[in-house]
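# Breakdown of the fold
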Amino acid sequence: MFRFLHCQHRLHAMHGDHHHYHRGGGGRGRGPKMFDAGAMRYVVLHLIAEKPRHGYEIIKALEQLSGGGYTPSPGAIYPLLSMMLDMGHVSATADGNKKLHTITPEGEAFLAENRQFVDVILARLAEPSEGRVDLRLAMHELKAAVIDKAHGPGASDQRAAQIRAILQRAVDDVRQLD
């Protein structure tokens with residue numbers, strides 16, 4: 001879906017990025033990476049420029065931008081935020097036991113210099129999702145509904161048995177597809 005982002009972009013070379021670009025891994029170890037860390041940096045910086053954010057908020061914003069098709073792991077986001085701190089593109093302030101990341105003037109200048117590339121990445125994220133991504137979103141919605149009904153108000157052994165029966169019928173129906 002985002003193969004063009006797996007290649008080193010000329011803007012990375014202009015700014016001295018020497019990341020290793022490879023396929024595989026990403027998003028909780030499922031499937032190919034949505035995009036490499038170099039490209040992700042632009043999107044994360046864009047999100048922080050919109051408003052100061054915690055790492056978890058960045059993860060959720062990326063998930064939302066991709067229509068639920070991609071959720072970066074904390075292991076991808078937090079080292080990236082540390083690198084952006086080291087580069088002077090963001091600052092971090094303590095906010096309870098979290099860090100609130102804010103764009104710096106240097107980060108704003110970097111983002112402005114690379115606005116065209118950022119816009120290309122954001123446009124790709126906004127493209128309609130592929131069928132398998134839509135299925136993943138539906139599975140996440142199903143999981144949330146099951147957890148809500150199984151553990152929420154009115155939860156009981158009877159309700160759990162009803163949920164199991166519904167899920168088993170769904171499994172059977174899917175297996176019967178050609």
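Read on for a plain summary of the structure. (Residues numbered from 1 in each chain as written. Predicted model: local features only at pLDDT ≥ 70, side-chain atom pairs only at ≥ 80, totals over all residues. Heavy atoms only, no water.)

Inspection of every chain in the model, using the stated rule, returns three salt bridges. The closest approach of N and O atoms between D119 and R115, which form a salt bridge, is 3.2 Å. Taken together, the residues span about one helical turn, with D119 and R115 both in helix α6 (residues 115-126) at a distance of four residues. The exposure class of R115 is partly exposed, given its relative accessible area of 29%. (Salt bridge = Lys/Arg side-chain N within 4 Å of Asp/Glu carboxyl O. Helix = DSSP H or I, 4+ residues; strand = E, 2+ residues; numbered from the N terminus. Buried < 20%, exposed > 50% of the residue type's maximum accessible area, 1.4 Å probe, protein only.)

Ranked by size, the top nonpolar core spans 26 residues in total, and within it V44, I48, I58, L62 and I77 carry the most contacts. Within the residue set of this core, elements represented by two or more residues are α2 (37-50), α3 (55-65), α4 (74-87), α5 (105-113) and α6. Per element, the largest residue contribution to this core is eight residues, and it comes from α2. Every residue in contact with I48, bar those within four places of it in the chain, is listed here: R53, I58, L81, M84, V90, H101, T102 and I103. (Core = buried A, V, L, I, M, F, W, Y, C linked by side-chain atoms within 4.5 Å. Contact = heavy atoms within 4.5 Å.)

So, on to the packing of α3 against α4. Running from N to C, α3 and α4 point in directions that differ by 125 degrees, and their axes come no closer than 10 Å. Classed by the angle they form, the pair α3 and α4 counts as oblique. α4 is crossed by α3, and the crossing has right-handed handedness. Across from G55, Y56, I58, I59 and L62 in α3, the residues of α4 making contact are P74, I77, Y78 and L81. In terms of residue class, the contact of α3 with α4 is built from eight nonpolar, one polar and no charged. (Axes fitted to C-alpha atoms, helices over the stretch in contact; angles between N-to-C directions. Parallel < 35°, antiparallel > 145°, perpendicular 65-115°, else oblique. Left-handed = near helix turned anticlockwise from the far one by under 90°. Nonpolar A, V, L, I, M, F, W, Y, C, P; charged D, E, K, R; others polar.)

As enumerated under the stated definition, the model contains two aromatic pairs in all. Ring centres 5.4 Å apart and planes at 20 degrees place the aromatic pair Y42 and F110 in the stacked group. Within this pair, whereas Y42 is found in helix α2, its partner F110 is found in helix α5, the two being separated by 68 residues in sequence. Judged by its relative accessible area of 0%, Y42 falls in the buried class. With 4.9 Å between their ring centres and 90 degrees between their planes, Y42 and F117 make a pair best called edge-to-face. Of this pair, Y42 sits in helix α2 while F117 is found in helix α6, placing the two residues 75 residues apart along the sequence. As far as the burial class goes, Y42 and F117 line up, both buried. Among the aromatic residues, those joined into a cluster by ring pairs are Y42, F110 and F117. Over the ring of Y42 we find R41; its NZ or CZ atom is 5.4 Å from the centre of that ring. (Phe/Tyr/Trp six-rings, centres within 6.5 Å; stacked < 30°, edge-to-face > 60°. Lys NZ or Arg CZ within 6 Å of the ring centre and 35° of its normal.)

By themselves these figures say nothing about function.
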